[in-house]
Amino acid sequence: MNDILRLNDIHYTAGKKEILKGLSMTVKAGSAATIMGPNGAGKTTLLKVALGLLNPSAGEVTFFGEKKLTKESRKNLGYIPQNLALVSELTVLSNVMMGAVRRMSTWRSLTNSYPPEILEEANEIMNMLGISHLVQTKVKKLSGGERQRVAIARAILQRPSIIVADEMTSSLDFKTALNVMDTLIDVRKKMGLTLFMTHHNPDIAKMSSDTIYIMRDGAISKEVPASDIDRESLIGLYEPASQ
Amino acid sequence: MVFMNRLRSNGILIAIALIVVGSSIHLNFNPISVFQDASNSGVIIAELLQVDFSVADRVLQSIVETLEMALIGSSIGFAISIPAALVASKNIAPFYLSVMFRGILNTFWSIPPLLWAIMLVAVAGLGPTAGIMAIALFTIGLSGKYLYEIYESQNPSAYDLIKVVGAGRLQMIKYVTIPESLPFMSNQYLFILSYNVRESAILGLVGAGGIGFYLTFYLESLQYSKVSLFIIAIVAVALAMDYLSTRLRTRLVHQ
């Protein structure tokens, strides 16, 4: 498998605090990698550095073989942030269409005169995710599970080869979280996507990933197959190394 | 640590008290002087209490003019403040443009409507045009300042996302900035409208139209019984506007 994302000896400092301390890891094409770790380990910072939203103070990020995330390489990237980044005053359709803005002219996106082929694609995706009946509903009126599906639809419409998702089920009850992850796994299979995620729940991480990277104190402390993860082993892995 | 914190807050309180006392001495502030000529005050209050309804039609006409001035000035000013605040937002516009527009908006905001009116009466002449322009210019400053702070504080992860999807500035404004700020914008418009109704009421003092014009005329000609109805009208309209804008804002929030 080719490497989609490679992080080599990444350091990131915010103010006086060093958040990432020489982190290195690789995400292979077609894999599902999950970062797990205690609060404050630097998981969200790691994703933001990978996405080019934060510049590392040292080290090298390679995305799709390029050292800088270019306009071209961004086309392969779908992103679902921790709070989903949905615009609550807009309809489901407008939120989903945000994923396709780079594929249409500025004029078309500003006037909502979406190209028919993109509109059709968006409808197919919303249909697949079971939210096609909500097209004209404002996002602020949706339930937690529906909002997650809108965020997934938006990410898929970016036509990515990788979806980067930051604790996307953290605000959901377990049953809804399972449903949402089932949907994402299904989409991954159909589209051959790579997933790069962070999760807190070991059951969710186990069902959605191939490999789990344990992150502690700004670095990857362990890489384990997802099948080996359970709640007890995770507690051990989160413990600081004995001096 | 607790002792040091207490000492610091007490020190601040003492410093404020000293500044207030010092300023009062510097200005020869003497509140008792208001009551020294009690007979004169009594006459004025007695006349004010004898409300003269013969000016009712003039009150109505000037109140309508005041409301129209506030509505036109607020609407024009607010409409201009929306794009001006976009250019002043650090997360949307290039740094040099945002710094420049912040400077302009802060200057417009720091000049009170009455001072704008004095300058504009000199340019545009007596009448509501100067008043409307004064209200509009002040509104650009006040609303612009409020709006750029709103634009900058909205949903940072949505801004991250829009960068990741490769959207341009205009798309960012359309998909994130404006929709996320809409509830705050309608609130701000209602607030500024209600605020400007009160401001418009005094612009007539310098000849910039509205109810203040008649108020000054009757005050200067010592016809206090005719002043009463104007004061009652101003208070009634201000309270009504406050009530209406609060009701509307509550409705918008729950929509």
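Residues numbered from 1 in each chain as written. Chains lettered and ligands numbered in written order. Predicted model: local features only at pLDDT ≥ 70, side-chain atom pairs only at ≥ 80, totals over all residues.

**Considerations on the overall build of chain B**
The helix and strand tally for chain B stands at 11 helices and 0 strands. Secondary structure elements of chain B, listed N to C terminal, follow the sequence α-α-α-α-α-α-α-α-α-α-α. Against the 2.2 N^0.38 benchmark of 18 Å for 255 residues, chain B shows a C-alpha radius of gyration of 23 Å, more extended than a compact globule. Counting only C-alpha atoms, chain B reaches 75 × 55 × 40 Å along its principal axes. Here chain B holds 255 residues, and 39% of them are scored as buried. Relative to all contacts within chain B whose residues are 6 or more apart in sequence, the contacts with residues 24 or more apart total 74%. (Helix = DSSP H or I, 4+ residues; strand = E, 2+ residues; numbered from the N terminus. Rg over C-alpha atoms; globule rule 2.2 N^0.38 Å. Buried ≥ 20, exposed ≤ 12 C-beta atoms within 10 Å, placed from the backbone. Contact = placed C-beta atoms within 7 Å.)

**Details of the overall build of chain A**
Looking only at helices and strands, chain A features 9 helices and 9 strands. In terms of overall dimensions, chain A is globule-like: its C-alpha atoms have a radius of gyration of 18 Å, near the 18 Å expected for 243 residues. In terms of principal-axis extent, the alpha carbons of chain A reach across some 60 × 40 × 35 Å. When each of the 243 residues of chain A is scored for burial, the buried share is 44%. Counting contacts in chain A only where the partners sit at least 6 residues apart, residues at least 24 apart contribute 69% of the total.

**Observations concerning the nonpolar core**
A:Ala153, A:Val164, B:Ala134 and B:Ile162 are the most contacted members of the largest nonpolar core, which has 138 residues in total. Excluding its chain neighbours within four sequence positions, the residues that come into contact with A:Ala153 are A:Val96, A:Ile125, A:Met126, A:Leu129 and A:Ile131. (Core = buried A, V, L, I, M, F, W, Y, C linked by C-beta atoms within 7 Å.)

**Considering helix 6 (residues 144–157) of chain A**
Residue and element names in this part refer to chain A. A rise of 1.5 Å per residue sets the reference length of helix 6, with its 14 residues, at 20 Å; its end C-alpha atoms lie 20 Å apart and thus fit the reference within 8%. With 11 of 14 residues buried, helix 6 lies mostly within the body of the structure. By the burial criterion, the buried members of helix 6 are Arg147, Gln148, Arg149, Val150, Ala151, Ile152, Ala153, Arg154, Ala155, Ile156 and Leu157. In the core, the buried residues of helix 6 are packed alongside strand 5 (77–80), helix 3 (92–97), helix 5 (116–128), strand 6 (162–166) and helix 7 (174–191). (Expected span 1.5 Å × (residues − 1).)

**Details of unusual backbone geometry**
Residue and element names in this part refer to chain A. Although it is not a glycine, Asp9 sits at a positive phi angle of roughly 50 degrees. Using a count of 14 C-beta atoms within 10 Å as the deciding quantity, one classes Asp9 as partly exposed. With phi around 75 degrees, Leu84 is a residue other than glycine that occupies positive phi space. Tracing the backbone through its elements, the reader meets Leu84 in the loop between strand 5 and helix 3. The exposure class assigned to Leu84 is buried, which follows from the 23 C-beta atoms found within 10 Å.

**Overview of the interface of chain B and chain A**
If you look at the interface, chain B gives 20 residues, while chain A gives 21 residues. Among the secondary structure elements, those contributing two or more residues to the side of chain B that touches chain A are helix 8 (156–164) and helix 9 (169–203) of chain B. The element contributing the most residues to the side of chain B that touches chain A is helix 9 of chain B, with 8 residues. Considered class by class, the residues forming the side of chain B that touches chain A number 11 nonpolar, 5 polar and 4 charged. (Nonpolar A, V, L, I, M, F, W, Y, C, P; charged D, E, K, R; others polar.)

**Description of the environment of B:Gln61**
All names here are of chain B. Within the secondary structure, Gln61 is located in helix 4 (residues 56–88). On the neighbour-count criterion, Gln61 (13 C-beta atoms within 10 Å) is partly exposed. Between the C-alpha atom of Gln61 and that of Met185, which follows or precedes it by 124 residues, the distance is 31 Å.

**Structural notes on the pairing of strand 9 (residues 219–225) of chain A**
Residue and element names in this part refer to chain A. Of the strand pairs in this sheet, strand 8 (residues 211–216) and strand 9 are connected by 6 bridges, and their pairing is antiparallel. Residue Thr211 lies in a different strand from strand 9, and its bridge partner there is Pro225. Taken together, strand 8 and the strand that follows it, strand 9, pair antiparallel across an intervening segment of 2 residues, in which Asp217 is found at a positive phi of about 55 degrees. (Pairing = 2+ DSSP bridges.)

**Structural notes on the confidence of the model for chain A**
Within chain A, residue pLDDT values average 86, and 97% of them lie at 70 or more. Per-element averaging of pLDDT across chain A places helix 9 (residues 231–238) of chain A at the bottom with 70 and helix 3 of chain A at the top with 94. (pLDDT = per-residue confidence, 0-100.)

**Side note on the sheet that holds strand 8 of chain A**
All names here are of chain A. Overall, mixed pairing links the 6 strands, which are arranged 5-6-7-3-8-9 in an open sheet. Edge positions in the sheet fall to strand 5 and strand 9, since each has one partner strand and no second. For this sheet, the mean angle separating the axes of adjacent strands, direction not counted, is 15 degrees. With 5 bridges joining them, strand 6 and strand 7 (residues 194–198) adopt parallel strand pairing. Across the sheet, the residue bridging to Val164 is Phe196, located in strand 7. Across the face of the sheet, helix 1 (residues 43–50) comes into contact with strand 3 (32–36), strand 6, strand 7 and strand 8 while running at roughly 150 degrees to strand 6. Strands in contact with helix 6 are strand 5 and strand 6; relative to strand 5, the strand with the most contacts, it is inclined by about 165 degrees. (Axes fitted to C-alpha atoms, helices over the stretch in contact; angles between N-to-C directions.)

**A look at the environment of B:Glu149**
Residue and element names in this part refer to chain B. Turning to its location among the elements, Glu149 is positioned in helix 7 (residues 128–153). Take Glu149: there are 14 C-beta atoms within 10 Å of it, and that puts it in the partly exposed class. Residues Glu149 and Ser89, spaced 60 residues apart in sequence, show a C-alpha to C-alpha distance of 7.4 Å.

**So, the sheet that holds strand 2 (residues 17–28) of chain A**
Sheets are built from strands that pair by backbone hydrogen bonding, the pairs being arranged parallel or antiparallel. Residue and element names in this part refer to chain A. Across the sheet, 3 strands lie side by side as 2-1-4; this open sheet has antiparallel pairing. Strands with a single pairing partner mark the edges of an open sheet, and in this sheet they are strand 2 and strand 4 (58–63). Sheet twist, expressed as the average angle between the axes of neighbouring strands with direction ignored, equals 15 degrees. Inspection of the sheet shows strand 1 (residues 3–14) paired to strand 2 by 9 bridges, in the antiparallel sense. Across the sheet, the residue bridging to Leu5 is Val27, located in strand 2.

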